[in-house]
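Given next are the chains, with one letter for each unit.
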Amino acid sequence: MFATRFDAGQRSMTERVRQPRQDRSQASMARILDAFEKLLRNGSYESITINDIAIESATGAGSIYARFDGKRSILLALHARTRDRARRYFQILFDPNRKSDESLDVAIERITRGMFIWHKRRRSVIRTSVLLDDADLYLGISVSFGTWTEQLARLLIARGAALSDAQALDAAAAILQLSTAVLQQWVIFGRVPPVGRALSDASLISLIRIAALAQVRCVSISH
């Protein structure tokens, strides 16, 4: 339903979103993004109009078009803000110096639960963004994961995983790819179980944790 592709490969993010410089303009930008995020929680991307966003944010449609070239660029800005918040969230979640007395199993369980909570709280934004098929958006996600992979690799070693630096990077990448794939599928399908069988939140977290631990062991054996 979001198959129509924008000219994402031709225009940069800065061309599509005009960043405000003054405090007043920044506050207006934040209201627009807050309004769009709220509307996404209660409706579909396709059904939301610029007028809806203008009413919800108490901002004139002209002011919105002065900052964005359309609804898709508003979503890009919203997703960029979400990524900034994710950067801070996952920096804490993957910090090897926090909770240094926990075991590897406990660390993986905590990380898995933290990733699940993040996806659940931002389900509407993540779902819409993933389905939008936008090169700018996907590039931003990819760059973020590079940093998180390195930090998670350090955490695995700090929690006692018998891995070299290269092995830890492989294991961390596998854990993030697996966890993200499962959680994004869960986000996209919503209330419909993607494999025909519904799982409770606790069961889903447990299964991701088991799979993540298996990745650590598989990398160790394969090398």
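Residues numbered from 1 in each chain as written. Predicted model: local features only at pLDDT ≥ 70, side-chain atom pairs only at ≥ 80, totals over all residues. Heavy atoms only, no water.

Chemist: Describe the overall build of the chain, listing the residues and the values that go with them.
Modeler: For the chain, the helix and strand inventory stands at 10 helices and 0 strands. In the chain, the succession of helices and strands from N to C terminus is α-α-α-α-α-α-α-α-α-α. Within the chain, contacts between residues at least 6 apart in sequence are counted, and of these 75% link residues at least 24 apart. Here the chain displays about 11,800 Å² of accessible surface, and carbon together with sulfur accounts for 53% of that area. (Helix = DSSP H or I, 4+ residues; strand = E, 2+ residues; numbered from the N terminus. Contact = heavy atoms within 4.5 Å. Areas by Shrake-Rupley, 256 points an atom, 1.4 Å probe, with all protein chains shown as cover.)

Chemist: Please set out unusual backbone geometry residue by residue, giving values where relevant.
Modeler: Positive phi, close to 55 degrees, is recorded for A58, a residue that is not glycine. Following the sequence through the fold, A58 ends up in the loop between α3 (50–57) and α4 (61–67). Positioned with a positive phi, K99 is a non-glycine residue whose angle comes to about 50 degrees. Relative to the elements of secondary structure, K99 occurs in the loop between α5 (71–93) and α6 (104–121).

Chemist: Tell me about a nonpolar patch on the surface, and please be specific about residues and values.
Modeler: On the surface, a cluster of nonpolar side chains totalling about 260 Å² of accessible area is made up of L199, L207 and I210. Take I210: it is sitting in helix α10 (residues 201–222). (Patch = residues over 30% accessible without salt bridge, like charges linked within 9 Å, V, L, I, M, F, W, Y side chains within 5 Å. Salt bridge = Lys/Arg side-chain N within 4 Å of Asp/Glu carboxyl O.)

Chemist: So what about the confidence of the model for the chain? Which residues, and what values?
Modeler: In this model, the chain carries an average pLDDT of 85, and 88% of its residues clear a pLDDT of 70 or more. Per-element mean pLDDT across the chain ranges from 51 in helix α1 (residues 13–16) up to 96 in α3. The model gives residues 1–14 a pLDDT under 50, and that stretch makes 29 contacts with residues more than four places away or in other chains. (pLDDT = per-residue confidence, 0-100.)

Chemist: So what's going on with the packing of helix α7 (residues 123–131) against helix α9 (residues 165–189)? Which residues, and what values?
Modeler: Packing of α7 against α9 brings their axes to within 9 Å, and their N-to-C directions diverge by 100 degrees. Taken together, α7 and α9 sit at an angle that is classed as roughly perpendicular. From α7, R123, I126, R127, V130 and L131 reach across to α9, where they touch Q184, W186, V187 and I188. Residue composition of the contact of α7 with α9, grouped by class: 6 nonpolar, 1 polar and 2 charged. (Axes fitted to C-alpha atoms, helices over the stretch in contact; angles between N-to-C directions. Parallel < 35°, antiparallel > 145°, perpendicular 65-115°, else oblique. Nonpolar A, V, L, I, M, F, W, Y, C, P; charged D, E, K, R; others polar.)

Chemist: Help me get a handle on α9, residues and values and all.
Modeler: Relative to the 36 Å expected for 25 residues at 1.5 Å per residue, α9 spans 36 Å between its end C-alpha atoms, a close match to the ideal helical length. Along α9, the residues that are buried comprise Q167, A168, A171, A172, A174, I175, L176, S179, T180, L183, W186 and V187. Looking one or two residues beyond α9, the residue adopting positive phi is G190, at roughly 65 degrees. (Expected span 1.5 Å × (residues − 1). Buried < 20%, exposed > 50% of the residue type's maximum accessible area, 1.4 Å probe, protein only.)

Chemist: Let's hear about the packing of aromatic side chains: which residues, and what values?
Modeler: Counted under the stated rule, the structure contains 8 aromatic pairs. Taking 6.4 Å as the distance between ring centres and 55 degrees as the angle between the ring planes, the aromatic pair formed by F36 and Y45 counts as tilted. Here F36 and Y45 have matching classes, each one buried. Seen in terms of ring centroids, Y89 and F90 are 5.1 Å apart; in terms of plane orientation they differ by 85 degrees. Their pairing is edge-to-face. By relative accessible area, which is 4% here, F90 ends up buried. A connected cluster of aromatic rings, assembled from ring pairs, spans Y89, F90, F94, W118, F145 and W148. Above the face of the W118 ring, R122 is positioned so that its terminal group lies 3.5 Å from the ring centre. (Phe/Tyr/Trp six-rings, centres within 6.5 Å; stacked < 30°, edge-to-face > 60°. Lys NZ or Arg CZ within 6 Å of the ring centre and 35° of its normal.)

Chemist: Go over the pattern of salt bridges with me, naming the residues and quoting the values.
Modeler: Under the criterion given, the structure shown has 8 salt bridges. Across the pair D84 and R87 runs a salt bridge whose closest N-O atoms are separated by 2.7 Å. Of the two residues, D84 and R87 are both situated in helix α5; the distance of 3 residues between them amounts to about one turn of the helix. Overall, D84 belongs to the partly exposed group, its relative accessible area being 34%. One salt bridge in this structure joins R110 and E102, with 2.7 Å as the shortest N-O distance. The exposure class assigned to R110 is buried, which follows from its relative accessible area of 14%. For E102, a relative accessible area of 12% gives the class buried.

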